[in-house]
There are 8 protein chains.
Amino acid sequence: MARVTDPERPEPERPASVADLGYARVDLDRAARTGDPEVVYGAGKTPAQVLGILRTLHERHPDRAVLATRLTGATTELLGRDLPDAVLDPVARTAVLGPLPEPRGRVLVVSAGTSDAPVAAEVVTTARVHGAGVEQVEDVGVAGLHRLLAVRDRLDEADCLVVVAGMEGALPSVVGGLTGVPLVAVPTSVGYGASFGGLAALLGMLNSCAPGVTVVNIDNGYGAGVFAARVARGRDR
Amino acid sequence: MARVTDPERPEPERPASVADLGYARVDLDRAARTGDPEVVYGAGKTPAQVLGILRTLHERHPDRAVLATRLTGATTELLGRDLPDAVLDPVARTAVLGPLPEPRGRVLVVSAGTSDAPVAAEVVTTARVHGAGVEQVEDVGVAGLHRLLAVRDRLDEADCLVVVAGMEGALPSVVGGLTGVPLVAVPTSVGYGASFGGLAALLGMLNSCAPGVTVVNIDNGYGAGVFAARVARGRDR
Amino acid sequence: MARVTDPERPEPERPASVADLGYARVDLDRAARTGDPEVVYGAGKTPAQVLGILRTLHERHPDRAVLATRLTGATTELLGRDLPDAVLDPVARTAVLGPLPEPRGRVLVVSAGTSDAPVAAEVVTTARVHGAGVEQVEDVGVAGLHRLLAVRDRLDEADCLVVVAGMEGALPSVVGGLTGVPLVAVPTSVGYGASFGGLAALLGMLNSCAPGVTVVNIDNGYGAGVFAARVARGRDR
Amino acid sequence: MARVTDPERPEPERPASVADLGYARVDLDRAARTGDPEVVYGAGKTPAQVLGILRTLHERHPDRAVLATRLTGATTELLGRDLPDAVLDPVARTAVLGPLPEPRGRVLVVSAGTSDAPVAAEVVTTARVHGAGVEQVEDVGVAGLHRLLAVRDRLDEADCLVVVAGMEGALPSVVGGLTGVPLVAVPTSVGYGASFGGLAALLGMLNSCAPGVTVVNIDNGYGAGVFAARVARGRDR
Amino acid sequence: MARVTDPERPEPERPASVADLGYARVDLDRAARTGDPEVVYGAGKTPAQVLGILRTLHERHPDRAVLATRLTGATTELLGRDLPDAVLDPVARTAVLGPLPEPRGRVLVVSAGTSDAPVAAEVVTTARVHGAGVEQVEDVGVAGLHRLLAVRDRLDEADCLVVVAGMEGALPSVVGGLTGVPLVAVPTSVGYGASFGGLAALLGMLNSCAPGVTVVNIDNGYGAGVFAARVARGRDR
Amino acid sequence: MARVTDPERPEPERPASVADLGYARVDLDRAARTGDPEVVYGAGKTPAQVLGILRTLHERHPDRAVLATRLTGATTELLGRDLPDAVLDPVARTAVLGPLPEPRGRVLVVSAGTSDAPVAAEVVTTARVHGAGVEQVEDVGVAGLHRLLAVRDRLDEADCLVVVAGMEGALPSVVGGLTGVPLVAVPTSVGYGASFGGLAALLGMLNSCAPGVTVVNIDNGYGAGVFAARVARGRDR
Amino acid sequence: MARVTDPERPEPERPASVADLGYARVDLDRAARTGDPEVVYGAGKTPAQVLGILRTLHERHPDRAVLATRLTGATTELLGRDLPDAVLDPVARTAVLGPLPEPRGRVLVVSAGTSDAPVAAEVVTTARVHGAGVEQVEDVGVAGLHRLLAVRDRLDEADCLVVVAGMEGALPSVVGGLTGVPLVAVPTSVGYGASFGGLAALLGMLNSCAPGVTVVNIDNGYGAGVFAARVARGRDR
Amino acid sequence: MARVTDPERPEPERPASVADLGYARVDLDRAARTGDPEVVYGAGKTPAQVLGILRTLHERHPDRAVLATRLTGATTELLGRDLPDAVLDPVARTAVLGPLPEPRGRVLVVSAGTSDAPVAAEVVTTARVHGAGVEQVEDVGVAGLHRLLAVRDRLDEADCLVVVAGMEGALPSVVGGLTGVPLVAVPTSVGYGASFGGLAALLGMLNSCAPGVTVVNIDNGYGAGVFAARVARGRDR
């Protein structure tokens, strides 16, 4: 059997604030720097690794929530079995462990079509774990304006809007024309052909004719949720 | 076992015209708004979900056709077993349930190569379900002009032409130079290398030197069928 | 002085139906093939060349309109001086010479912003010269929905809609959700940065979530006008 | 002389809330809808047109500021001569007419290099006119970290950060790692070669590894300023 | 006055086969290696520089033709005045000095539209100077098939075909389906919007459904002419 | 059980020269038009389908070769079992059935790296079946010039060169500088990251500084083989 | 059974310095030309093929190391069983057989996130096998500047820096602003959405505002390691 | 006259190490951080501004060279008149003021074609000012291999190679296969059509099959010169 470690190869150096679990290194000081909770990005990690990191973080900070995102079905299943206190959302592909913070301010998450549901759900969970109150309106695509107009009053009551849409990504422009509330647009990879994996929606949102629309990466519900929570917490009325 | 629903997470709000089947929300009023039939987009849905939605829509509107598109093989199989009255087309990957409308006007679907057959068939079924009479000519690629010229008279007799082609997407230009009938071009993802998933055909069609050619998204046989039926119904002679 | 023609160089062959004016070759049989008027594409031609071609075509067919598009300011000025019977539109950058055909059917041209005016005007003139009746609604961008909703009834009364928009190109999706009339979308190059010369609007329109939207090339008001006139003429009620 | 208007061409319809100055149509109700000031987008307008629109808007609303952006040198010169009460900023290419609103909250605009100054200045003016207090830090590019670290305390004191950078667009990631304040990133077209007109900076910011960074279009200082003012006003402490 | 040469800066080394005219370095051995004539690429050179290089090359090889391509109007004018023996083609933007070689084989250059004329003419001159007999057919775009079919017999008589087209670039596919003669396709930058400077035509030609079509760079009439002459000379019958 | 054919759906029309095998339609007259053999494009066809088409074509033309390309492993296996007279090449992924034509002229296929072998082999088989004599040189990448220079004399002896390379696609430029023989370049999809599926090699070849290089689509060994055979047959010495 | 070799097909010619193992051809003289070790690129090769090539090279040069890169899990497993003297690194996906050279100079490999570890490890192993001493610092992303600043002194002590980062690829700019040591940047494909497979990181690094940053292909740890070792060996102090 | 400064607008804050000349802010501490000379990037600055910055920097550091790059013709003219001690290079578009450092090590700059001369000259001047000895070889494009092979010995004698090429960018691969010296490749924007402003050359170089090639931005002779000088200084023998 060959050696799998090379005695001549140097051990890489790592900062002291990183706990090395072998299969992953856990950042233990992010929250201290930014006031945000610890987060485990599940993509590319095995179920056992996600489980291990969640447990480690939870043990260090039992008094506040830890969030895991982009979980596979297998990971969600394992967490459901081994972490009975975790709250799992198979649509959002998230897990939350530990008590949620007091909600401050109100984030309203608006999404266009059924296929955008996973990204919208990731926004909801993320914003809630990051300390905001969250409400959600679904299925208000621009090709069915009457639905959007029916919830128009809700838009102005929010402290921050997150608008999720794939395909042509037109919803943020329409919503942005109806209200002056800060609006974060999330393009999704929903579509085919010339949607080019969400590029069409991304470009549409960046070129919105409604002033004051900002945009995050394709399918980046997590980033939008963090941002919206920060805005909403500060505008809490 | 962890909770899979979060008591603190708000239930998303949905318009009243949407029937929630749990796994999908069915739009019950589109036809009322536009005069078009109900349609189920099969991509990303399980066979059982497609079956359930088709049944729900059919029960609400037993007097008119419901269309399902982009069906997987497994879905087609399930529908064949459980919906004995459905008309299935494995090439078009469509299912139709309920009586077809009276055909008005004539859509002629022209396609270039054997590989374009699924998209062409989706146009045929969609246009027929949306109320147009439909005829079809296949295998008339630009590299074999004699075949196209042999059906030249048929082109002028149509109320709307739908021209389906992959690779370089040249067929709409050639057909568009032969007739003044409204022409919708459908680029397909047939090709490899520098076809970039249908981008070459799409760009070719958008830059057609034949005046009056309009274009839909790559592989969007459904959209072309809807449009062509609307044109043909209005031009019924 | 050097010879500017080469006695050894062969004279290129041209079809008999092309009248050679030296600086340009005029197609004299297009109308016979498709029923459409003669058209001069002004881009890349000198004012004198456009003038000469317009005169030649008008002399051959004094009984019907000839259209010139994409005219520079200098060309428009020359035509205004030397062709007193021409109707010039500096915004559309078009000239029309000869009697307009009887209007059949109704094309409604809807545009989003002030900067889209030249393309919208090109659609209007082209569709009218190609035999359709034309009406126009401007300044109904998606960020000001109330304006669009105010003209909603007009949409259903048209035989064909042409929707012109730059930036994110969302207007066709919104209009397409309000009506079942055939709709041609024209992306414009209005925008900056990540609009990439109209690419964002083009992709947005190709990925429209409203069924039955077809698209032409960026800024191609001429092509949309030809197509819409063909549809409207056939649906004349 | 040819007619420049066509008696057969229909007059386009426009909503009642739009004042038609002939060369431009002025939206008189935007502020009522969103609480934001009136804005004139100067690109593509002649100096006389910008002057006329500014005057019209100012006469209607003498009690609040009107903003003009993207002004050419010639326009700035004309405004300086004919509108003695206007405040002009040749770097930001803006003009402001009428009294500024009371500043609420604090926007901090951070920019990377000297060439980013025009976009940063557009953010400053826009945010101020939209009701926020504004401060600015320049020349803190990522290749000179010590400068950024020297102003670190200022970052946390802001209600909203706007970070402006061209080339690789790395500054928002670095700033975003230092603070939890809401951060809007503005990519600029500063760069050459593989910057592709700001695309590199745009992609860099969209892929930021710092959570909670949102992005606007390339060179869109106006949009970032509007958004940041909305956030800061609501977080006023 | 500052020194414009740096005594410390090394003089760059150059191969002996390059004649240095100060403003340009002339390759004197290319013909020996490949049997092709000397060629001056005019883009980026002043009229005087092109004149000087042409003279130098002609003096070295008075017995064979020298070709200059991509000439500006000013250069053509200067050459017309100072090189009375040169044959100038303002459309092709070429100049030829010295006796043409005996024509061997036959190249047929087929082009689609009037705007493609400069590139087609560059192919004609280049192929002729490189030793082939050349014929030309113009104005046979795919939207007017009857013109192309009228010259169909000519296609089979050629030793090599060069097909020049812009916009959607469909002509090579149609011609390639009519004959088995070797065919080189030249995309041109003719077009606008989604033609992206000739990219649409280039992709169209690379994806041609006609077997045996090869392609050169956008507007590269020179390269196509060199290639076609090589093929035709070898197939001389 | 649902009906899988719709009595109301029209049967698509097909030209008489196409033999319908149910699962595929076989073109029986291509050879008559161009002098080339019948070819079966194996991608997207089942093993049984390829077998059926090969048999049908072979029975119609037992006196000449039929070529099948892009075969999967399963298809190759089935053909090996059921068509004992076929010549199979698992590297080229081709099958040939029937007697090869007399070789005329000489095609030399030059390839850069081991990974380019499948495309190079497809060129070899295609050119041979299309009537040319073929020779091959492998492993002469530009990073090991000595190997290429060792076979330099072979280049000039060919009637047509086909140069196959992936990654940066530099080999055609180097070979093209060594000889004046007609040269067709084939970019392959060999590479990763910024090769973008062969785009880097394609662009490199289109921009070759060696005059007279033509290019085919990425991985299109078949197209290059057809073209080269046509050139070589005509130059047979 | 069909013949799988064609008696009429010519055997491709290969240079003498290439050892043909049947399934692969091994270059035996690269080291002689450049002083670098032999390398096996494992992608696209079966475990048995990699094993065979490694053995062949090791037998020829038992006195120096042979490197294999891009190994699959199955290959690593086979090598672990059959080559007990090999040093395997499952993270770097590399194998090394034979004695390592004496380390000269010092390469410091700096990487941003956990997901960049495989590429960073490939740099480490490659640079070490190519004769440099290597050290490594991990987890110093730009969103956590304090970690990077903690190792700042280490940067200046290196002879060459290799900086590995995905997503926005900002780390090289920050490191490049802290030191004047030669710096090679390696973009990784870590990211999603608008990272476009590493394109965002690649463009970011190419546009770095820190002078003197050079870049290799996406995920090309091998290339960076070779380059850095060459630099470091020559700067050995 | 309107006020051009706004009393309410805050003065932006700048680090103390930046000297504000009004029209530009001069970084006075870069050299201290990295050991490199001060550099003025001339693009976007007026002649008077470049003159002023050069003077300021030279007065602070009369004992060492200051470099200005990307100078326009007008700036070069002004500097020639007002800075008699400056060394100007109109081809490289550079100016150098103050004594050059002692040359350490040897950079060899190799370029492909005449049009690449400005970028190659920028490399030469930059590397020399940054402390390296520099030599240069021009006109050694890959289509004329004999020229490159004639200078082969020179390659191995250098401490760092900089290889400059446009169009297909193949030269670095060929040079990189001939030597093991560290090699930096500089793509230039020389080319047309599918060169896409240097993108083809950039992609070619990033995908080089020669190991150990690193790349800088398109036309970035300055960056390559800085990097090469750093490498060469450290390898001084």
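Residues numbered from 1 in each chain as written. Chains lettered and ligands numbered in written order. Predicted model: local features only at pLDDT ≥ 70, side-chain atom pairs only at ≥ 80, totals over all residues. Heavy atoms only, no water.

**A few points about the overall build of chain A**
Right, so step 1: What chain A contains, in helices and strands, is nine helices and 11 strands.
Right, so step 2: The buried share of chain A, taken over its 237 residues, is 66%.
Right, so step 3: Put simply, 70% of the contacts in chain A that link residues at least 6 apart link residues at least 24 apart.
Right, so step 4: When the accessible area of chain A is evaluated, it comes to approximately 7600 Å², of which 52% is carbon and sulfur surface. (Helix = DSSP H or I, 4+ residues; strand = E, 2+ residues; numbered from the N terminus. Buried < 20%, exposed > 50% of the residue type's maximum accessible area, 1.4 Å probe, protein only. Contact = heavy atoms within 4.5 Å. Areas by Shrake-Rupley, 256 points an atom, 1.4 Å probe, with all protein chains shown as cover.)

**Describing the relation of the copies chain A and chain D**
Right, so step 1: Structural alignment of chain A on chain D gives an RMSD of 0.0 Å, achieved by rotating through 180° and translating 0.0 Å along the axis. Put plainly, the chains are arranged around a two-fold axis.
Right, so step 2: By residue overlap, the copies meet face to face through one surface: 100% of the interface positions of chain A are interface positions in chain D. (Least-squares fit on C-alpha atoms with pLDDT ≥ 70 in both.)

**Side note on the interface of chain A and chain D**
Right, so step 1: Each partner contributes residues to the interface: chain A has 27 residues there, and chain D has 27 residues.
Right, so step 2: Per-residue buried area on chain A facing chain D is highest for L206, F227 and R230 of chain A; these three make up 25% of the total on that side.
Right, so step 3: Scanning the region where chain A abuts chain D turns up zero salt bridges.
Right, so step 4: For the side of chain A that touches chain D, the elements supplying multiple residues, two or more each, are α1 (30-34), β10 (183-187), α8 (199-206), β11 (213-215) and α9 (221-235) of chain A.
Right, so step 5: Ranked by residues supplied to the side of chain A that touches chain D, first place goes to α9 of chain A with eight residues. (Buried area = accessible area lost by both parts, 1.4 Å probe. Salt bridge = Lys/Arg side-chain N within 4 Å of Asp/Glu carboxyl O.)

**A word on the domain arrangement of chain A**
Frequently, the measure chosen for interface size is the accessible area removed from exposure when the parts meet.
All names here are of chain A.
Right, so step 1: Structurally, chain A comprises domain 1 (18-97) and domain 2 (106-235).
Right, so step 2: Facing 14 residues of domain 1, the contacting portion of domain 2 comprises 14 residues.
Right, so step 3: Counting each side, the surface lost to burial between domain 1 and domain 2 is near 1100 Å², with a carbon and sulfur contribution of 59%.
Right, so step 4: There are three salt bridges connecting domain 1 and domain 2. (Domains from an automatic or database assignment.)

**Thoughts on the sheet that holds strand β3 (residues 39-41) of chain B**
All names here are of chain B.
Right, so step 1: Taken in spatial order, the four strands make up an open sheet running β3-β4-β6-β5, and their pairing is mixed. Pairing within the sheet leaves two strands with one partner each, and these edge strands are β3 and β5 (87-89). Going across the sheet, the axis of each strand differs from the next one's by a mean of 15°, ignoring polarity.
Right, so step 2: Strand direction decides the pairing type here: strand β4 (residues 66-69) and strand β6 (residues 94-97), joined by three bridges, are antiparallel. Opposite V66, over in β6, you have L97 as the bridge partner.
Right, so step 3: Against the sheet, helix α2 (residues 47-60) contacts β3, β4 and β6, and its axis sits at roughly 165° relative to β4. (Pairing = 2+ DSSP bridges. Axes fitted to C-alpha atoms, helices over the stretch in contact; angles between N-to-C directions.)

**Thoughts on the pattern of salt bridges**
All names here are of chain A.
Right, so step 1: Tallied over the full model, the rule gives 58 salt bridges over all chains.
Right, so step 2: A salt bridge links R70 to E122, with the shortest nitrogen-to-oxygen separation between them at 3.5 Å. With a gap of 52 residues between them, R70 in the loop between β4 (66-69) and α3 (73-82) and E122 in helix α4 (residues 117-129) connect regions that are remote in the sequence.
Right, so step 3: Taking the relative accessible area as the measure of exposure, E122 reaches 2% and is therefore buried.

**Focus: the packing of helix α9 (residues 221-235) of chain B against helix α9 (residues 221-235) of chain C**
Right, so step 1: The contact between α9 of chain B and α9 of chain C brings their axes to 7 Å, and the two run at 40°. It follows from the interaxial angle that α9 of chain B and α9 of chain C lie oblique. As for how α9 of chain B packs across α9 of chain C, the hand of that crossing is left-handed. The segment α9 of chain B lies against α9 of chain C, with F227, R230, V231, G234 and R235 of chain B engaging F227, R230, V231, G234 and R235 of chain C. (Parallel < 35°, antiparallel > 145°, perpendicular 65-115°, else oblique. Left-handed = near helix turned anticlockwise from the far one by under 90°.)

**Focus on unusual backbone geometry**
One can expect most non-glycine residues to show negative phi and most peptide bonds to be in trans.
Right, so step 1: Unusually for a residue other than glycine, R70 of chain A sits at a positive phi of about 55°.
Right, so step 2: Taking the relative accessible area as the measure of exposure, R70 of chain A reaches 16% and is therefore buried.

**With respect to the sheet that holds strand β3 (residues 39-41) of chain F**
Strand pairing in a sheet relies on backbone hydrogen bonds. The paired strands run either parallel or antiparallel.
All names here are of chain F.
Right, so step 1: Reading across the sheet, the four strands line up as β3-β4-β6-β5 and stay open at both edges, with mixed pairing between neighbours. Each edge of the open sheet carries a strand with a single partner, namely β3 and β5 (87-89). Recorded for the sheet is a direction-independent mean angle of 15° between the axes of neighbouring strands.
Right, so step 2: Where β5 and strand β6 (residues 94-97) come together, three bridges link them in antiparallel fashion. Paired with D89 across the strands is T94, a residue of β6.

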